[in-house]
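Residue-level structural notes
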Amino acid sequence: MCEIINQSIISDSYIRVEGHTDTVPMHNEVYKSNWDLSVMRASNVLQILIDKAGMKPERVSATGYGEYRPKVDNSTAEGKSINRRVDILIMNSQFNEVENNKK
C-alpha cells in the first residue's frame, strides 16, 4: 500500500482515514460496538500511513462511521464484506486552512 502513495500529490494535503463496518452488532472484550471497531480500523491504517509512508501526523486524521455509511445493502454476505472497509480521502489543498483550524 505505502509504495503506491505519490508523495508529491499528498505532501501539501490533509488526509482523512474513515473506518466502516457492516450491520452485524459488535460487542466483545476488544470492541464495545461497531463504532469502536470502525474507529480502530481507521486508526490502524492511519498509523501505517505515519510509520511506513512517512505522513506527517499533523496532516492526518481518523474517524469512524460504524455501520451508518454503507456502500451497498447489508442483506448479503457479499454486501457486508464490501461495507467492512477503510476509505482514505485526500483533501483538496484549497481547504488546508479549514483543516488546520485557521478559519
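Everything below is about the structure shown above.
Here's a quick rundown of the structure.

**Comments concerning the sheet that holds strand β1 (residues 15-19)**
- Pairing within the open sheet is mixed, and its three strands lie in the order β2-β1-β3. Across the chains shown, the open sheet's two edge strands, defined by having one partner strand only, are β2 (60-64) and β3 (86-90). Direction aside, the axes of adjacent strands within the sheet are offset by 20° on average.
- As paired strands, β1 and β3 are joined by five bridges and run antiparallel to one another. For glutamate 18, the partnering residue across the bridge sits in β3 and is aspartate 87.
- Contacts from helix α2 (residues 34-51) reach β1, β2 and β3, with the element oriented near 160° to β2.

**What about α2?**
- Over its 18 residues, α2 extends 26 Å from the first C-alpha to the last, a length consistent with the 26 Å expected when each residue adds 1.5 Å.
- Within the span of α2, buried status applies to Asn34, Leu37, Ser38, Ala42, Val45, Leu46, Leu49 and Ile50.
- Next to the buried residues of α2 lie β1, β2 and β3.
- Capping of α2 at its N-terminal end is provided by serine 33; its side-chain oxygen lies 3.2 Å from the backbone amide nitrogen of tryptophan 35.

Thresholds, definitions, all that
- Residues numbered from 1 in each chain as written.
- Predicted model: local features only at pLDDT ≥ 70, side-chain atom pairs only at ≥ 80, totals over all residues.
- Heavy atoms only, no water.
- Pairing = 2+ DSSP bridges.
- Helix = DSSP H or I, 4+ residues; strand = E, 2+ residues; numbered from the N terminus.
- Axes fitted to C-alpha atoms, helices over the stretch in contact; angles between N-to-C directions.
- Contact = heavy atoms within 4.5 Å.
- Expected span 1.5 Å × (residues − 1).
- Buried < 20%, exposed > 50% of the residue type's maximum accessible area, 1.4 Å probe, protein only.
- Polar contact = N/O pair within 3.5 Å; in protein donor to acceptor, adjacent residues only side chain to side chain.

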